[in-house]
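Breakdown of the fold
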Amino acid sequence: MLQILHSIMTEVNGARDLAATLDILVRSVQNALATRVCSVYLLDRSIGRYVLMASQGLDAAAVGRVSLAPQEGLVGLVAQRAEPVNLDNASAHPRYHYIPETREEEYESFLGVPVIHHAQVLGVLVVQQKERRKFNAEDEAFLITLSAQLAPVIALAESKGMAQGFTPSGKRNRNPYFDGVPGAPGVVIAQAITVFPPADLSVIPNRSCVDIKAEIKFFNGCLEAVRVDINELKIKIKGQLRPEERELFDAYLHMLSDSALGAEVVSLIEQGNWAQGALAQVAQAHINNFASINDDYLRERATDIKDLCSRVLYYLQEKQKKTRVYPPRCIVICEELSAAMLAEVPKGQLVGVVSAEGSAHSHVAILARAMGLPAVMGVANFPFAELDGHEVILDGHNGRVYTDPTDEMRQRFQEIVREEVQLTEELESIKELPCETLDGHRVQLWVNTGLLTDVLRSRERGAEGIGLFRTEVPFMLRESFPTETEQTAIYRDQLEAFHPKMVTMRTLDIGGDKPLSYFPIKEDNPFLGWRGIRVSMDHPELFLSQVRAMLRASVGFNNLQILLPMISQVGEIDTSTMLIRRAQRELFEEGHAVQMPPIGVMIEVPAMAWQVAEIVKRSDFVSVGSNDLTQYMLAVDRNNPRVTNLFSNLHPAVLRVMNKIAEEVTAAGKKLSICGEMAGNPAASVLLMAMGFDILSMNATNLLKVKAMIRDITLAQAKALLVQALQQEDTEAVVSLLDRELHGVGLDRLRREVREGQD
Ligand code: PEP
Ligand code: MG
């Protein structure tokens, strides 16, 4: 069964569109199960019916014309129950519904399984037999397994059709949209540009090329560059190779020759495709062919082709990157957003981002927020490759992306954009005012930064310090570790820009969803693995060069404090402090007038909430990382869009732990701050203030919204609200409590004023 499934899926994956996918499917299943009929019905949401999309066995004329409502027929029953239905006497079933066009009266046995993707029934896969017999358990298991594997392929093919303005059954779809999760607030309307991860053949779309001759020349140049690389590699490792391995290198070189793969690609370019698309098409066809062969050795050759073509693609992309022209306002759309992609678009031209992967709590979403870019994350089946150059409306508040909007739709959103601009102007008016409650309690609002642009925006917004400089961000934008001198320059910029206000620099927090391309970490559970301080403890040389750079950068400013991430053992604090002291001593001896900065500890691993006493003894201040604390407390991967609905720092258990930490840190007389995204949520900021947090550190975008909230409430009100919030039983109850009690306060009040002003 596995072999059959594998070969069906390989064929299906190579299909060019939805119709081709479904045709392959019904043909292969009919064959595999030796049934008379195999059909597939898909739900067309625009008409609310299951449309017969492909069939082997039923009258071909019925395909695309016959459809069933969810309450109609056995197909509707499978969809309604979201379970298989297996019958040996279908016509006797009360839900049997005869459709004359299909001429299915002769088929008595019926097995239908739902095609389910992300908990939604996309359609129903049906096999039918003439004679009265139940399909056996093996047939059922086969169909269920196939359907589960097919669901994402069908969903993606449907989305691609939708991007071209069609529903699954080919009806015109005005205002197509795709849902994800809100990543960063704001609405923007602009042209989409697709950004690909380097050298990934599977995501390259076809695109027409303007100058065919130049494109062929460009492709041949890249091909030659790979040939040179392989020849060099062959020479370099000559002595270590056995003769048969040397032959493999010759085979690679042959594959790359003008008469083999190269010729096929050139022929597709001649037909008008651009080089990347032509290469991806040729590569995919060969990979599929090899992968479907029932022979281990030949199947392995698929990997060789993939590797070779990826090398050529890398050159095509690198050389093209230099000449790419970006529109003056563009929205980056991609499969998985990375920090490097954010930096790829020239300054001032990037206005929003959409990522098919990731969630609101992913580090890149946090970075987008810090840069003030509206973002939508985790858009399942987002056909980003098809949407390059299309006009897009990005609604970062609701996590929705509209493509090729109609005039009415565009106008509607332009109105929202205008309202937002007005609101921002309203907020600007409180920029210079203190963050103080109505009864005179003062809270400090600091910012989280990663890039120098954040620093400049933060200062404009009236931030009172930097509560978290994520030092790994500049590391992520490079191709090798920065030297101590390079780091010193980066850190000095931050310290200088904020001087005399304090700047909290966190030591390198890589791992998890923050990889460095030049320091790959491969783990099954990266968030539970080698992350943050753990890497620093194993690489004291990296840690030392980083803290030396921080200390050198602070000479003359003395506004540095150092923060340690991912602490889960007190020993990590001791060792880090010892290394920082050593760096300070050595620098002093080298003639630099460096002072020992305050050292803070992040509480983001739940266990540390029970060791506050040990932490405060060893540190000058504590900063709660509510993003990771929530992820670890709730066992919800912050980066996984599937479970993003379960991630909430307003969960009562999270609130209770935060409250406990706050009580103990403040009782010890140490400064307490929070630098997770929770601080930037105006409603949550009220609770944090009531718990006793002295400093709320957040993305610059939300700073004035939080200030508007705190200036509109008393500390006494906030404390009463906290008492109630801590008693709630689940997140929903906390959220509705806050909605109810903070109705018309802060930003909510300003928003109302803006709306009323427009009437
Ligand atoms: C946190 O975990 O809350 C935090 C601030 O660190 P990061 O988001 O960078 O992991
Ligand atoms: Mg963290």
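Residues numbered from 1 in each chain as written. Chains lettered and ligands numbered in written order. Predicted model: local features only at pLDDT ≥ 70, side-chain atom pairs only at ≥ 80, totals over all residues. Heavy atoms only, no water.

Time to look at the overall build of the protein. Helix and strand counts for the protein stand at 26 helices and 22 strands. The C-alpha radius of gyration computed for the protein amounts to 30 Å, which stays within 12% of the reference 27 Å derived for 759 residues, consistent with globular compactness. Referenced to the eigenvectors of the C-alpha coordinate spread, the extents of the protein come out at roughly 85 × 70 × 50 Å. When burial is assessed residue by residue, the protein has 54% of its 759 residues classed as buried. Looking at the protein alone, contacts between residues at least 24 apart form 66% of all its contacts between residues at least 6 apart. In the protein, 77 positive and 97 negative side-chain charges are present, and the distance between their average locations comes to 2 Å. (Helix = DSSP H or I, 4+ residues; strand = E, 2+ residues; numbered from the N terminus. Rg over C-alpha atoms; globule rule 2.2 N^0.38 Å. Buried < 20%, exposed > 50% of the residue type's maximum accessible area, 1.4 Å probe, protein only. Contact = heavy atoms within 4.5 Å. Lys, Arg positive; Asp, Glu negative; His and termini not counted. Charge placed at Lys NZ, Arg CZ, Asp CG, Glu CD.)

As enumerated under the stated definition, the model contains nine aromatic pairs in all. Consider the rings of Phe178 and Phe382, whose centres lie 5.6 Å apart with planes at 75 degrees: the pair is edge-to-face. Taken as a pair, Phe178 in strand 7 (residues 177-179) and Phe382 in the loop between strand 12 (375-377) and strand 13 (391-395) lie far apart in primary sequence, 204 residues in all. Phe382 matches Phe178 in its accessibility class, with the two residues each being buried. Between Phe481 and Phe519 the ring centres are 5.4 Å apart and the planes differ by 65 degrees, which places this aromatic pair in the edge-to-face class. Of the two residues, Phe481 is situated in the loop between helix 14 (472-476) and helix 15 (484-498) and Phe519 in the loop between strand 17 (503-506) and helix 16 (533-538); the sequence distance between them amounts to 38 residues. Residue classification places Phe481 among the partly exposed residues on the basis of a relative accessible area of 25%. In this structure an aromatic cluster arises from ring pairing among Phe475, Phe481, Tyr518, Phe519 and Trp530. (Phe/Tyr/Trp six-rings, centres within 6.5 Å; stacked < 30°, edge-to-face > 60°.)

Around the magnesium ion (ligand 2), the donor atoms from the protein are Glu604 (OE) and Asp628 (OD), and they sit 2.0 to 2.1 Å away. One end of the pair, Glu604, is in the loop between strand 19 (599-603) and helix 19 (612-618); the other, Asp628, is in helix 20 (residues 626-634), with 24 residues separating them in the sequence. Classification of Glu604 as buried rests on a relative accessible area of 2%. (Donors = N, O, S within 2.8 Å, 3.2 Å for Na, K, Ca; no water.)

Let us look at the site of ligand 1. Close to ligand 1 lie 17 residues, the nearest being His363, Arg470, Arg506, Asn627 and Arg638. Within the side chain of Glu604, one N or O atom sits 2.9 Å away from an oxygen atom of ligand 1. Elements supplying a minimum of two residues to the shell around ligand 1: helix 11 (363-370), strand 16 (466-470) and helix 20. For the shell around ligand 1, the element with the most residues is helix 20, which contributes three residues. Split by residue class, the shell around ligand 1 holds four nonpolar, five polar and eight charged. (Near = heavy atom within 4 Å. Polar contact = N/O pair within 3.5 Å; in protein donor to acceptor, adjacent residues only side chain to side chain. Nonpolar A, V, L, I, M, F, W, Y, C, P; charged D, E, K, R; others polar.)

This part is about the nonpolar core. Core analysis: the biggest nonpolar cluster contains 132 residues, and Met658, Phe693 and Leu696 have the highest contact counts within it. The leading source of residues in this core is helix 22 (residues 682-691), at eight residues. When residues of this core are sorted by domain, at least three fall in each of domain 2 (177-196 + 335-422) and domain 4 (429-750). Among the nonpolar cores identified, the runner-up in size contains 55 residues, and Ile204, Leu279, Ala302 and Val351 belong to it. (Core = buried A, V, L, I, M, F, W, Y, C linked by side-chain atoms within 4.5 Å. Domains from an automatic or database assignment.)

Following the sequence through the fold, Thr406 ends up in the loop between strand 14 (400-403) and helix 12 (407-428). Contacts of Thr406, omitting those with residues within four sequence positions, involve Arg174 and Asn175.

Under the domain assignment, the protein is made up of domain 1 (2-163), domain 2 (177-196 + 335-422), domain 3 (201-321) and domain 4 (429-750). Summing both sides of the interface, domain 1 and domain 2 together bury roughly 660 Å²; the carbon and sulfur share of this comes to 63%. Inspection of the domain 1/domain 2 interface yields zero salt bridges. Here domain 1 is connected to domain 2 by two residue pairs in polar contact (both at pLDDT 80 or more). Here the element with the most residues in the side of domain 1 that touches domain 2 is helix 4 (residues 137-163); it accounts for seven residues. For the side of domain 1 that touches domain 2, the residue count by class is five nonpolar, three polar and one charged. (Buried area = accessible area lost by both parts, 1.4 Å probe. Salt bridge = Lys/Arg side-chain N within 4 Å of Asp/Glu carboxyl O.)

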